[in-house]
Amino acid sequence: MISTYSSVKKIILCVDDDAAILRYEQALLEKSGYAVLTAASGSQALRLVAMCKCDGVLLDFEMPGMKGDEVASKIKLVRPELMVILLSGSDVPTNALAFVDAFVPKLGANRQLLRTIAGLCGQTV
């Protein structure tokens, strides 16, 4: 018997230059039923977005090489429908939010992140 129930997990790409934060995000999201890809840099994230089907991106703002807003703008050029959430441990300039769908402070991430992702992916928490 073939089930008509779709159990396809949403795929979230987590981008951060801090390996510990990537591990935390991956564990949190996988525990909540998401599939997770990780990237340690903006350039790696752009390659993954071009090669893989993902439903959303969690993107750190402060990264060496390319800041999160620059990565977000490049993602939106190739995949404008892709949900992008910017994370930061500090304040970000208002213009950095132009290419993202949501902003979550890292200090509040444990409370807000899953709700924000679910809302943008059209799911309920």
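Residues numbered from 1 in each chain as written. Predicted model: local features only at pLDDT ≥ 70, side-chain atom pairs only at ≥ 80, totals over all residues. Heavy atoms only, no water.

> Sorry, what's going on with the pairing of strand β4 (residues 83–88) here?
Burial runs high along β4: 6 of the 6 residues are buried. Side chains Met83, Ile85 and Leu87 project from β4 onto one buried face, and the interleaved Val84, Leu86 and Ser88 project onto a second face that is buried too. In this sheet, β4 lies alongside strand β3 (residues 56–60) in parallel orientation, the contact comprising 5 bridges. Counted as the bridge partner of Leu58 is Ile85 from β4. By the bridge criterion, 4 bridges tie β4 to strand β5 (residues 102–105) in an arrangement that is parallel. If you follow Ser88 over to β5, its bridge partner there is Pro105. (Buried < 20%, exposed > 50% of the residue type's maximum accessible area, 1.4 Å probe, protein only. Helix = DSSP H or I, 4+ residues; strand = E, 2+ residues; numbered from the N terminus. Pairing = 2+ DSSP bridges.)

> Would you mind going over helix α3 (residues 68–78) with me for this structure?
Counting along an α-helix, one turn takes 3.6 residues, and residues three or four places apart therefore face a common direction. Gly68, Val71, Ala72, Ser73, Ile75 and Lys76 are the residues of α3 that are buried. Contact partners of the buried residues in α3: α2 (42–51), β3 and β4. (Contact = heavy atoms within 4.5 Å.)

> Is there a simple way to explain the pairing of β3 in this structure?
In the case of a regular strand, side chains alternate between the two sheet surfaces. Here β3 lies mainly inside the structure; 5 of its 5 residues are buried. Where burial is concerned, the two faces of β3 agree: the one with Gly56, Leu58 and Asp60 and the one with Val57 and Leu59 are both buried. Sheet topology note: the strand β1 (residues 11–15)/β3 ladder contains 4 bridges and is parallel. Residue pairing across strands places Ile12 opposite Gly56, the latter belonging to β3. Between β3 and its parallel partner β4, the chain crosses via α3, and the hand of that crossover is right-handed. (Right-handed = clockwise from strand over helix to strand, strands pointing away.)

> Sorry, what's going on with the pattern of salt bridges here?
Two side chains of opposite charge can pair, provided their charged atoms sit close to one another. Inspection of every chain in the model, using the stated rule, returns 6 salt bridges. Residue Asp60 pairs with Lys106 through a salt bridge whose shortest N-O separation is 3.0 Å. With Asp60 in strand β3 and Lys106 in the loop between β5 and α4 (109–120), the pair connects residues that are 46 residues apart, well separated along the chain. Relative accessible area serves as the criterion here: at 25%, Lys106 is assigned to the partly exposed category. (Salt bridge = Lys/Arg side-chain N within 4 Å of Asp/Glu carboxyl O.)

> What exactly am I supposed to notice about the nonpolar core here?
Side chains of a nonpolar character, in soluble globular proteins, are inclined to be buried together. The biggest cluster of nonpolar side chains holds 21 residues, and the ones touching the most others in it are Leu13, Val15, Val57 and Leu59. Sorting the residues of this core by element identifies β1, α2, β3, α3 and β4 as the ones contributing at least two each. In this structure Leu13 touches Leu37, Thr38, Ala39, Ala45, Leu48, Val49, Cys54, Gly56, Val57 and Leu58, once residues within four positions along its chain are discounted. (Core = buried A, V, L, I, M, F, W, Y, C linked by side-chain atoms within 4.5 Å.)

> I keep staring at α2 and nothing clicks. Help me out?
Listing the buried residues of α2 in full gives Gly42, Ala45, Leu48 and Val49. An end-on view of α2 places all buried positions within 120° of arc, on one side of the element. Away from its buried face, by an angle of more than 90 degrees, α2 presents the exposed residues Ala50 and Met51. (Arc of directions from axis to C-beta.)

> What is the right way to read the sheet that holds strand β2 (residues 35–39) from this model?
Whenever strands of a sheet pair, they do so through backbone hydrogen bonds, lying parallel or antiparallel. Spatially, the 5 strands line up as an open sheet ordered β2-β1-β3-β4-β5, and their pairing is parallel. The open sheet is flanked by β2 and β5, the only strands paired with a single partner. Shown here is a sheet whose adjacent strand axes are inclined to one another by a mean of 20°, direction ignored. Set on the sheet, helix α1 (residues 19–31) makes contact with β1, β2, β3 and β4; between it and β2 the angle comes to about 170°. (Axes fitted to C-alpha atoms, helices over the stretch in contact; angles between N-to-C directions.)

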